[in-house]
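# Summary of the model geometry
The lines below spell out each chain.
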Amino acid sequence: MGLTNSSTGLKALDSNPQTKRKKSDDIVIALAGNPNVGKSTVFNGLTGMNQHTGNWPGKTVASADGICVTENNRYVLVDIPGTYSLMAHSVEEEVARNYLCFGEPDAVIVVCDATCLERNLNLVLQTIEISKNVIVCVNLMDEAKRKKIKINLNLLSKKLGVPVISTVAHKKSSLKTLTDTLDKVISKEIVVSPLKIEYPEIIESAIKNIQQCLMGYNLKNLDSRWLSLKLLDDDQSLIKEVNNYLGFDLLKEKDIKKAVNESKEYLNKNNINADKLKDMVVSIIVKTSEDICNGVITYEKKNYSSVDRNFDKILTSKYIGYPIMLLMLMVIFWLTITGANYPSAILSDFLFWIQDRLTDIFMYFNAPDWLHGALVLGVYRVLTWVVSVMLPPMAIFFPLFTLLEDSGYLPRVAYNLDKPFKCCSACGKQSLTMCMGFGCNAAGVVGCRIIDSPRERLLAILTNNFVPCNGRFPTIITILTMFFVGSSVGIKSSLLSSILLTLVILLGILTTFAVTKILSRTILKGVPSSYTLELPPYRKPQVGKVIIRSIFDRTLFVLGRAAAVAAPAGLVIWLMANITVGEANLLTHVSEFLDPFAKIMGLDGVILMAFILGFPANEIVIPIIIMTYLAKGTIVGIESVSEMKEIFLQNGWTWLTAVNTIIFSLMHWPCSTTLITIKKETGSFKWAALSAVIPTVLGITFCIIITAIAKIFI
Amino acid sequence: MSEKTCLGDIMPGQTAVISALNTTGSMRRRLLDIGLIEGTRVECLGKSPLGDPSAYLIRGAVIALRKDDCKNILISKFN
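This text gives an overview of the structure that appears in the document.

Definitions and cut-offs
Residues numbered from 1 in each chain as written. Chains lettered and ligands numbered in written order. Predicted model: local features only at pLDDT ≥ 70, side-chain atom pairs only at ≥ 80, totals over all residues. Heavy atoms only, no water. Helix = DSSP H or I, 4+ residues; strand = E, 2+ residues; numbered from the N terminus. Rg over C-alpha atoms; globule rule 2.2 N^0.38 Å. Buried < 20%, exposed > 50% of the residue type's maximum accessible area, 1.4 Å probe, protein only. Contact = heavy atoms within 4.5 Å. Areas by Shrake-Rupley, 256 points an atom, 1.4 Å probe, with all protein chains shown as cover. Lys, Arg positive; Asp, Glu negative; His and termini not counted. Charge placed at Lys NZ, Arg CZ, Asp CG, Glu CD. Buried area = accessible area lost by both parts, 1.4 Å probe. Salt bridge = Lys/Arg side-chain N within 4 Å of Asp/Glu carboxyl O. Polar contact = N/O pair within 3.5 Å; in protein donor to acceptor, adjacent residues only side chain to side chain. Nonpolar A, V, L, I, M, F, W, Y, C, P; charged D, E, K, R; others polar. Pairing = 2+ DSSP bridges. Expected span 1.5 Å × (residues − 1). Bend = angle between axes of the 7 residues up to and from the residue. Phe/Tyr/Trp six-rings, centres within 6.5 Å; stacked < 30°, edge-to-face > 60°. Lys NZ or Arg CZ within 6 Å of the ring centre and 35° of its normal.

### A few points about the overall build of chain A
Along chain A, the regular secondary structure elements total 29 helices and 11 strands. The C-alpha atoms of chain A give a radius of gyration of 29 Å, which matches the 27 Å a tight globule of 714 residues would have. C-alpha atoms of chain A, sized along the principal axes, occupy 90 × 55 × 55 Å. Burial statistics for chain A: of 714 residues in total, 60% are counted as buried. Relative to all contacts within chain A whose residues are 6 or more apart in sequence, the contacts with residues 24 or more apart total 76%. As displayed, chain A has an accessible area near 28900 Å², and 63% of this comes from carbon and sulfur atoms. Taking the average place of the 70 positive charges on the side chains of chain A and the average place of its 59 negative ones, the gap between the two points comes to 4 Å.

In C-alpha cells, the structure reads:
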C-alpha cells in the first residue's frame, strides 16, 4: 500500500481483505508473498491498477483487490499483506493468514524474490500446507540475472509439486506465462500435487491420530492435516478463528478433544512439549527450504551482493550516515522549492485569467452580484489558491520521495535511527511510518501495522502527526519563503528555504522523540520489544513510471480533495463576509471572537479560524487566510503569489506571526481523516482524542512561550 | 582472544554458526522464521552509525538485529 488516492483518505480505512465475488462465477485468486518482493507490481501488472509500490518491507499493510481478465477467465485478484510467515505474530500476518485460511480463494499465487529464494520458500511451504492450488511466481528475475544467480525453475517445480514460473513484473509481457499457467491450473489442465512436508515419525503419528478423527466433520476448505497440527500447536487465536469459520467449537466435540489430548500426551511422553513442537515445526520448514534450494540455485558470482554492501557501507557509515540522511532530505526540499516556483506563478496567472473571463461571462448575462460573489469570489477563488499554492510543491515532492522509496533507502533510515527510538522504548520501524506520514498521516497511521508490539504501535500512531504531511508542508514552505527568504528567485534563497524547512522538520522529529519518550515513561510504560528489520537489496527505481504515475495519482487526489473541501469552505467564507449581524459581518465577529486567545499565541483570529476550518483538509489553511483577508479588507484582488506577502503584512503579520503559524501548522490536531483512521486502528475514542490533544496542547504551549519571550525582547 | 558466545560478539566481516536460541515467545518465532535455526551460518555485515543495531546476512537476506536480542542468539564457532 502506498500513498495513492485509494490508500489515503477515507479509503485507508477499508483495509481488511474480503472476498468480493461480484458474480458467482468469479474466480478469486490471492496474491501472497514476503514483504518487498514486487507483489504489488505483479498485482498492478495483472489488474492494470495503480497500487503504489515501494522498496521497503511492509508497504502493503492493507489489502486491495482488482480484476484480471484472461482469454478464458475473469479473476478477482486479492493482494494480501506481505509476510515472512503465516504464524501470525503481527496484525498483518494475521490478516494474511486469515485470508488464506478462511477467504476461500480458488488459487494462491506466492510471489518470491529470485535473489533471496531460500527464505521466500518458507512462506511457500507454509502456504502449501493450507491451500491446494498454489502457483509460485519467482519475481525479480532481472535482478537475479544481474547478480548472476541461476535458478533451475523446472527442478524447483518438480521438488515443490506446484507450477513455478518466472517474471520480471515491471515488464508486462513477462506476466503472460503467469496468466496462462493460472488458466491451466483453474481448468485443471495442470494438476497440482504439492509436496507434503515430512515431520519426524512421532509428530506424524500425533497428527494422524487427530486427522482421522477430523475426517468425520465438515471442515469446509480447511486442510485436515494442517488443522491437526494447529490443534496440537495450541494456537488459541487461530483456533478461535477456525471455530468462528466452521460454526462450531472443535474442542467441544468430545472425540476431537480426546484425540488432541491423546496426541499431546504421546508427544509429552516423547519429550516434545508445546514449545518444542513449535520449534521443530518451524525448523523443519526452514530445513526443507534449504534442501529444496540445493541444486536449484547456483551463484555464479561469489560476491553477488557486493554492490549492495558497498552502498550500505556508505549510507549507514558511522561518520557520514547521518549527514547523508540530512543532505538527502535537504536536496529533496530544495528541488521541491526551486521547482515549484515557476509552475506556481504560471498556474496562478492562468487561473486568475480564467477568473476574469468568468466575471466577464457573469456580467454578460447580467447575473446578480451575490451569485458572482458566491461562485467566483468565493468558491472559484479559494480553489485557485489551493491549486496554485499547494499543488506544485506536492507534485514535485511526491515523485522525488517515491524514487527514494523505490531505491530501498528508507529501511536504511530505519536502521540508522533505531538506537534513538530504542532509547525511547519504541520500535525502529517507527521511522518508516513517519516517512509514510510525509505523504499522508492517515496512511502513516495505517502503516503502523508493520510494528508488532501493540504498545510500540500505539506510540507510533500517537506521534505520527508530528511529521507534516503533504497537505501541510506547502503551507510551511510558503510562509518560510515569504518571511525569511525574500521573494528573490535564485539558488541562494531557495537553498536558505530548504535549510529552514529541514530545521522545521527536524523540530517535528525531535518532538516525536520527546513525546514518544514521555509517553513510554507514563501511560504507555514498557520495555522495548525485540525486533528484526530487513534491509532489502537496492533497486534501480523505474524513474519514468514513478514520475508519471505519482504526479497523476497525486494530482487527481489533491484536486478531488480540494474541490470537495475548499469549494464549500470558500462559499462559507464569502457568506460570512457578506452576512451582516449587528454592525459587522459574521467573519469579523468570528475572527474577533478568536482574536484575544490567538493573540496570546502570537497569531490572529483569522489564522486560528483557518486552522479550525482546515480540519477536513490541511491544504486549505493558507487559501482561507488569504480569502479572509481579502474579504475583510478593501483590496479587491491580488494577481500573483508575490503580492501575497503584502496582504499578510497589511494584516499585521510579523516574523513572529510567521514563526508561530509554522509551529502551529506542525503541531495541532490531525485532520479529520487521520483521526477517524486512528479511531479505527486503535479501536478506541480515547486514543484518537489523545492523539488530537497532545499536539494541540504542545502547539499552543510552544506558540505562547515563543510569543512571551519575544515580547520581552521587543 | 576472548571467547565469543553470542551473535552480538562477532564483528563485521566475521561469520558464526548458530547453536541455540536462548529466547522464548514471539521473538523466538520470529528468529526461527527468518531462518535462524541450529547450524545456520550468519555473517555480520556492519553496524549502524550509533553502533546498534547490526546487520547480519542470514540465508541470503540482510536482517538488522539489536544487541539486546543478539545476546540470546548463541553461536558455536566463528571465524
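### Observations regarding the interface of chain A and chain B
Each partner contributes residues to the interface: chain A has 44 residues there, and chain B has 31 residues. Together chain A and chain B conceal approximately 3300 Å² of surface at their shared face, both sides included; 54% is due to carbon and sulfur atoms. The largest share of the area that chain A buries against chain B comes from A:His89, A:Tyr415 and A:Thr532, three residues that together contribute 19% of it. Linking chain A with chain B are 9 salt bridges, by the criterion used here. The interface formed by chain A and chain B holds 17 residue pairs in polar contact (both at pLDDT 80 or more) in total. Element by element, the count of residues in the side of chain A that touches chain B is highest for helix 11 (residues 274–293) of chain A, at 8 residues. For the side of chain A that touches chain B, the class distribution of residues is 15 nonpolar, 14 polar and 15 charged. In this structure, strand 9 (residues 532–534) of chain A lies alongside strand 4 (residues 61–65) of chain B, joined through 3 bridges in antiparallel fashion. Residue pairing for strand 4 of chain B: A:Leu533 is matched across the bridge by B:Ala64.

### Observations concerning the side chain of A:Asn243
Along the chain, A:Asn243 falls in helix 9 (residues 236–246). If sequence neighbours within four positions are ignored, A:Asn243 has contacts with A:Phe248, A:Asp249 and A:Leu250.

### Here's the deal with helix 14 (residues 369–407) of chain A
All names here are of chain A. For helix 14, which comprises 39 residues, the first-to-last C-alpha distance of 55 Å matches the rise-based estimate of 57 Å (1.5 Å per residue) to within 8%. Of all the bends found along helix 14, the most pronounced is centred on Leu-391 and spans about 40°, while Pro-392, a proline, follows it within four residues. Two residues or fewer after helix 14 comes Gly-408, characterised by a positive phi angle close to 100°.

### Points about the packing of aromatic side chains
Residue and element names in this part refer to chain A. Inspection of the entire model under this criterion finds 15 aromatic pairs over all chains. On the numbers, 5.8 Å between centres and 25° between planes, the contact of Tyr-217 with Phe-248 is stacked. In this pair, Tyr-217 sits in the loop between helix 7 (201–214) and helix 8 (224–233) while Phe-248 sits in the loop between helix 9 and helix 10 (254–269), placing the two residues 31 residues apart along the sequence. Residues Tyr-299 and Tyr-304 carry aromatic rings whose centres are separated by 4.8 Å and whose planes lie at 20° to one another, so their mutual orientation is stacked. Among the aromatic side chains, those forming a connected cluster through ring pairs are Phe-333, Phe-397, Phe-438 and Phe-473. Positioned above the aromatic ring of Tyr-538 is the side chain of Arg-412, whose terminal nitrogen or guanidinium carbon lies 4.0 Å from the ring centre.

### Side note on the pairing of strand 4 of chain B
All names here are of chain B. For strand 4, a buried count of 5 out of 5 residues is recorded, marking the element as mostly surrounded by other parts of the structure. Side chains Ala-61, Ile-63 and Leu-65 project from strand 4 onto one buried face, and the interleaved Val-62 and Ala-64 project onto a second face that is buried too. Sheet topology note: the strand 3 (residues 54–58)/strand 4 ladder contains 5 bridges and is antiparallel. When the bridges of strand 4 are listed, Tyr-56 appears paired with Ile-63.

### Description of the pattern of salt bridges
Enumeration according to the criterion identifies 31 salt bridges over all chains in this entry. The salt bridge partner of A:Asp223 is A:Lys132, with a shortest N-O separation of 2.7 Å. Taken together, the residues span a long stretch of sequence, with A:Asp223 in the loop between helix 7 and helix 8 and A:Lys132 in the loop between helix 3 (117–130) and strand 5 (134–139) at a distance of 91 residues. For A:Lys132, a relative accessible area of 49% translates into the label partly exposed. Taken together, the salt bridges that share partners define one network made up of A:Lys422, B:Asp52, B:Asp68 and B:Lys71.

### Some points on helix 11 of chain A
All names here are of chain A. The first and last C-alpha atoms of helix 11 sit 29 Å apart over 20 residues, in line with the 28 Å expected at 1.5 Å per residue. Along helix 11, the positions that sit buried rather than exposed are Leu-277, Asp-279, Val-281, Val-282, Ser-283, Ile-284, Ile-285, Val-286, Thr-288, Ser-289, Ile-292 and Cys-293. Among the residues trailing helix 11, Gly-295 stands out with phi positive, at a value near 90°.

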